[in-house]
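# Results of the structural survey
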Amino acid sequence: MPLGTKETYGGIFEILKAADITDPEQIKLELARVLAIQKQSQSASLATFVAGMASPGVKAFLSSGGDLPEAALLLLQAREASTNDAQAQAAADGPRAEAGLLREGFEPGQFPILKAAFSETARETSAKARKAAAGVLASEIDKKIHDFRESQIGEERLQAADIEFSGAMTGIEVYDFAKLLELAEHRWKLRLASPDVSKRKILQAVIAPKEIPVEAEAMEILRERIFQLEKQGVDVSAAIKAWEAVGWAAMKAPYIGVSDWHLDKANKAVNATIQDAATKASVGGGNVNVQVNQTNIGTAYLDNMPDRHSPPYADVGD
């Protein structure tokens, strides 16, 4: 959801835990109400509002049986009587916060100002926000999620989350196309710098366009990841099919290389296999129980270019 930073998400989880809410539909409804209340408050930042909701006083209120909308209304009233969010978080903690306010530099004479949170104006604002919250539905959160996923930043965050999740579940990284080429170029440079580099590779570096050996290195990276998946018992048939298609394209134009479109398609196929394996591992408690495809990926593409059967070499990080 478009709620800001990881700290904001962390605050939301703390609030839900304090309120002991676990039902997904109830979570969406309560969050929709909190968002409606925040919009009515003087707190322009959702992040700071959530931080206030996650303050000790509000969490104590939730733990003692208070619900999320009431906690949000309490914070809203505190914000009405203060000049910034930091003060409102302190005021929401109640009388117990006075010692903390003194430590923060407040004067005792300022306490009555904070008590204005319970003034008639603050109560009127609270009543307006309560009415707004009563009119929202859980489906509004679904719409926010959908709209965010369709946005550019949402797609980027979703891709980043997929990469992190897939890597954690399978131990195999997911690369976007730019990252794949960046890594391939770096590894190609490492090969050329190796003391036992072959004369063929040196010649290739001199006479061939840079893209061709980099593309070959990218293919090697994809091949390694397919082998890793196969060792985990994953059905890699779709990834192999896409990888072989790039190989055949390279055979047809050995001095031109392959198009970015073909290489990107193979990369996406490998990524999809990794992500599918990660999902199955998650559902199965960490065990991927699928049929292993035994197709040999030593295609004519590799057989006709034996130099591609290179021995294992150190990872870039070594």
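Residues numbered from 1 in each chain as written. Predicted model: local features only at pLDDT ≥ 70, side-chain atom pairs only at ≥ 80, totals over all residues. Heavy atoms only, no water.

### Quick look at the overall build of the protein chain
- For the protein chain, the helix and strand inventory stands at 17 helices and 0 strands.
- The proportion of buried residues among the 318 residues of the protein chain is 41%.
- Within the protein chain, contacts between residues separated by at least 24 positions form 72% of all contacts whose residues are at least 6 apart in sequence.
- Total accessible area computed for the protein chain in this model is approximately 17,900 Å², and 56% of it derives from carbon and sulfur atoms. (Helix = DSSP H or I, 4+ residues; strand = E, 2+ residues; numbered from the N terminus. Buried < 20%, exposed > 50% of the residue type's maximum accessible area, 1.4 Å probe, protein only. Contact = heavy atoms within 4.5 Å. Areas by Shrake-Rupley, 256 points an atom, 1.4 Å probe, with all protein chains shown as cover.)

### Regarding the pattern of salt bridges
- Counted under the stated rule, the structure contains 12 salt bridges.
- When the shortest N-O distance is used, the salt bridge between Lys28 and Glu25 registers 2.9 Å. With Lys28 and Glu25 both in helix 2 (residues 24-40), this residue pair falls 3 residues apart, about one helical turn.
- For Lys28, a relative accessible area of 16% translates into the label buried.
- Looking at Glu25, the relative accessible area reads 44%, which means it is partly exposed.
- Arg187 is the salt-bridge partner of Glu217, the closest N and O atoms lying 3.5 Å from each other. Linking Glu217 in helix 14 (residues 211-231) with Arg187 in helix 12 (residues 177-193), this pair joins segments that are 30 residues apart in sequence.
- Overlapping salt bridges, with partners in common, bring together Glu25, Lys28 and Asp142 in one network. (Salt bridge = Lys/Arg side-chain N within 4 Å of Asp/Glu carboxyl O.)

### Notes on helix 9 (residues 120-134)
- Across its 15 residues, helix 9 extends 21 Å between first and last C-alpha, which sits within 8% of the 21 Å expected from 1.5 Å per residue.
- Taken together, the buried positions of helix 9 are Ala122, Thr125, Ser126, Ala129 and Ala133. Each buried residue of helix 9 lies within a common arc of 100° when the element is viewed along its axis, so the set occupies one face. Turned more than 90 degrees away from the buried face of helix 9 sit Glu120, Lys128, Lys131 and Ala134, all of them exposed. (Expected span 1.5 Å × (residues − 1). Arc of directions from axis to C-beta.)

### Concerning the packing of helix 2 against helix 9
- Relative to each other, helix 2 and helix 9 sit at 145°, their axes nearing to 8 Å. Considering only the axes of helix 2 and helix 9, their crossing is right-handed. Residue-level inspection shows Arg33, Ala36, Ile37 and Gln40 of helix 2 in contact with helix 9, the latter providing Thr125, Lys128, Ala129, Ala132 and Ala133.
- For the contact of helix 2 with helix 9, a count of residues per class yields 5 nonpolar, 2 polar and 2 charged. (Axes fitted to C-alpha atoms, helices over the stretch in contact; angles between N-to-C directions. Left-handed = near helix turned anticlockwise from the far one by under 90°. Nonpolar A, V, L, I, M, F, W, Y, C, P; charged D, E, K, R; others polar.)

### Concerning helix 2
- With 17 residues, helix 2 should reach 24 Å at 1.5 Å per residue; the first-to-last C-alpha distance of 25 Å fits that figure.
- Of the residues making up helix 2, those classed as buried are Ile27, Lys28, Glu30, Leu31, Ala32, Val34, Leu35, Ala36, Ile37 and Gln38.
- As for helix 2, its buried residues are in contact with helix 1 (6-19), helix 3 (46-53), helix 5 (68-80), helix 9 and helix 10 (139-150).

### Here we look at the packing of helix 1 against helix 3
- Two elements in contact, helix 1 and helix 3, have axes separated by 9 Å at closest approach and are oriented at 30°. Considering only the axes of helix 1 and helix 3, their crossing is left-handed. Residues Thr8, Gly11, Ile12 and Ile15 of helix 1 touch helix 3, and the partners they reach there are Ala47, Val50 and Met53.
- Counted by class, the contact of helix 1 with helix 3 contains 5 nonpolar, 2 polar and no charged residues.

### Here's the deal with the nonpolar core
- Core analysis: the largest hydrophobic core is formed by 30 residues, its most contacted members being Ile15, Ile37, Phe49, Met53, Leu62 and Leu68.
- At the level of elements, helix 1, helix 2, helix 3, helix 4 (56-63), helix 5 and helix 9 are the ones that each hand at least two residues to this core.
- The element that contributes the greatest number of residues to this core is helix 2, accounting for 7 residues.
- Excluding residues within four positions of it along the chain, Leu62 makes contact with Ile15, Ala18, Ala19, Asp67, Leu68 and Ala71.
- Membership of the second largest hydrophobic core comes to 29 residues, among which are Ala218, Ile226, Val236 and Val246. (Core = buried A, V, L, I, M, F, W, Y, C linked by side-chain atoms within 4.5 Å.)

### What about the confidence of the model for the protein chain?
- Across the protein chain, the average pLDDT comes to 75, with 68% of residues at or above 70.
- A low-confidence stretch, residues 286-318 (pLDDT under 50), is modelled with 69 contacts involving residues beyond four sequence positions or located in other chains. (pLDDT = per-residue confidence, 0-100.)

### Digging into the side chain of Asn267
- With respect to the helices and strands, Asn267 occurs in helix 16 (residues 260-283).
- Overall, Asn267 belongs to the buried group, its relative accessible area being 1%.
- For Asn267, the side chain forms a polar contact with the side chain of Arg225, separated by 3.3 Å.
- Every residue in contact with Asn267, bar those within four places of it in the chain, is listed here: Tyr175, Asp176, Phe177, Leu180, Leu222 and Arg225. (Polar contact = N/O pair within 3.5 Å; in protein donor to acceptor, adjacent residues only side chain to side chain.)

### Here's the deal with the environment of Gln232
- Among the secondary structure elements, Gln232 is positioned in the loop between helix 14 and helix 15 (237-252).
- It is 8.4 Å that separates the C-alpha atoms of Gln232 and Thr170, two residues lying 62 residues apart in sequence.

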